[in-house]
Each structure stands twice: as structure tokens, then as C-alpha cells.
Amino acid sequence: MKKTLLFIFTIILTLSFSGCKKGSIKNLNNITYGSSFGMCVGYCSSSLVISDLKLTFSKSKNAQPADTKTCSKTISEADIDAIKSELNINKISNLPEVIGCPDCADGGAEWISINADGKQYKIIYEYGKAPKELEAAVAKLKVLKDSFKDCN
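Residues numbered from 1 in each chain as written. Predicted model: local features only at pLDDT ≥ 70, side-chain atom pairs only at ≥ 80, totals over all residues. Heavy atoms only, no water.

Visitor: Can you tell me about the pattern of salt bridges, naming the residues and giving the values?
Guide: Counted by the stated rule, this structure contains 6 salt bridges. Here K61 and D67 are joined by a salt bridge, their closest N and O atoms 3.6 Å apart. For D67, a relative accessible area of 33% translates into the label partly exposed. (Salt bridge = Lys/Arg side-chain N within 4 Å of Asp/Glu carboxyl O. Buried < 20%, exposed > 50% of the residue type's maximum accessible area, 1.4 Å probe, protein only.)

Shown next as C-alpha cells:
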């Protein structure tokens, strides 16, 4: 009987910890994803902000005045959870703030900024060269950003 109770207790304890993914985000305040090109004509900088259940996309020109366009729409909790599941804070916190040479020789820059669990993380990298720790999340964010193609 004691062995059975010990076995059941061990299983319950194991299952209770298996649902917690190490490094997962618990409280997400916002995610910002963007890109920019220094030597460009037209709308050269864009960003997508996910906050609460809202997506806000903005794009601006490098000219004076900046001529910024902004559009927004809602996002489902499931879509946010799908992005969160691709982000491991333990791995992200080990990344340098700048990777490679963003926007050198007008190659462009991309960034992702995560405000979660009371901390802020921002990683800037060369356009199209997301670090492997961010690739899956960036792919989902690009799809969301591309959904604003008609933002005029």
C-alpha cells in the first residue's frame, strides 16, 4: 500500500511540473517587431506592436516630416499564445542586444522587443537573419505584419 501511494504521489508531482515549460512567458505586456532601412525612399521603417488583444502597425518615411501611417486591428488570445509559445525568455536573455551589423551597407535592420514578466528584452539584428532562438516567433510576427499591406 505504501509503495502504491508513493508511486501515485510521484506521478502527480511529475505531472504538475510537466505543464510548466521552462523559460515560458507568464505575463506578457507587449511585443514589438519591426524593420528599418537607413538609405531608402518611401516607407523605410515599420513596426508592429502587440498589446492586450490589439495589433498596431505603423510605417514611416525617412523624410522630414516622417509621414507616419498607422493601422490597427484585434488579435485573438490563441494567436498571442502561439507567439508566446515560440519565445523562451531564458534563451532570449542570453542573446546580445545587437547581433551582426544591422543596417550596415543598407542591408536593413530588424528587431524584436519583449516586455514580459517585469523585464524588457530588445534584440536588433541584420534584416532577414533572425537568431535561431527567435526564428519561429519572427516568422509568425512577419505574417501578422504582412496582413497590413493595405495600410494607407
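Visitor: Please set out the sheet that holds strand β3 (residues 54-61) residue by residue, giving values where relevant.
Guide: Across the sheet, which stays open at both edges, the 7 strands sit in the order β4-β3-β2-β1-β6-β7-β5 with mixed pairing between neighbours. Looking at strand neighbours, the two that pair on one side only are β4 (69-74) and β5 (98-99), the edges of this open sheet. In this sheet, β3 lies alongside strand β2 (residues 43-51) in antiparallel orientation, the contact comprising 8 bridges. For S45, the partnering residue across the bridge sits in β3 and is S60. (Pairing = 2+ DSSP bridges. Helix = DSSP H or I, 4+ residues; strand = E, 2+ residues; numbered from the N terminus.)

Visitor: Break down the packing of aromatic side chains for me, with residues and values.
Guide: Here the structure, examined in full by the defined rule, presents 2 aromatic pairs. For the ring pair F57 and F148, a centre distance of 5.3 Å and an interplane angle of 10° mean the geometry is stacked. With F57 in strand β3 and F148 in the segment after α4 (135-146), the pair connects residues that are 91 residues apart, well separated along the chain. Classification of F57 as buried rests on a relative accessible area of 6%. Exposure remark for F148: the relative accessible area of 6% places this residue in the buried category. Here K59 stacks its cationic end above the ring of Y43, 4.8 Å away from the centre of that ring. Stacked on the ring of Y127, the Lys or Arg K142 has its end atom at 5.8 Å from the ring centre. (Phe/Tyr/Trp six-rings, centres within 6.5 Å; stacked < 30°, edge-to-face > 60°. Lys NZ or Arg CZ within 6 Å of the ring centre and 35° of its normal.)

Visitor: Would you mind going over the side chain of S35 in detail, with residue names and values included?
Guide: Mapped onto the elements, S35 comes out in strand β1 (residues 28-36). In this structure S35 comes out as buried when scored by relative accessible area, which is 5%. Engagement of the side chain of S35 in a polar contact is seen with the side chain of K145, the distance being 2.9 Å. Not counting residues within four places of it along the chain, the set of residues in contact with S35 comprises C44, S45, S46, A109, E110, W111, Y127 and K145. (Polar contact = N/O pair within 3.5 Å; in protein donor to acceptor, adjacent residues only side chain to side chain. Contact = heavy atoms within 4.5 Å.)

Visitor: Can you explain the pairing of β1? Please cite residues and give values.
Guide: In this sheet, strand β6 (residues 109-116) lies alongside β1 in antiparallel orientation, the contact comprising 8 bridges. Following the sheet pairing, T32 is matched in β6 by S113. Both β1 and β2 contribute to a ladder of 7 bridges, which runs antiparallel. Bridging across to β2, G34 finds its partner in S47. Linking two consecutive strands that pair antiparallel, namely β1 and β2, is a turn of 6 residues; a positive phi of about 100° is found at G42 within it.

Visitor: So, α4: which residues are in play, and what are the values?
Guide: Over its 12 residues, α4 runs 16 Å from end to end, which matches the ideal 16 Å to within 8%, given 1.5 Å per residue. Every buried residue of α4 is accounted for by A137, V138, L141, L144 and K145. The buried residues of α4 occupy an angular sector of 115° when projected down its axis, which confines them to one face. Elements in contact with the buried residues of α4: β1, β2, β3, α2 (77-85), β6 and β7 (119-126). (Expected span 1.5 Å × (residues − 1). Arc of directions from axis to C-beta.)

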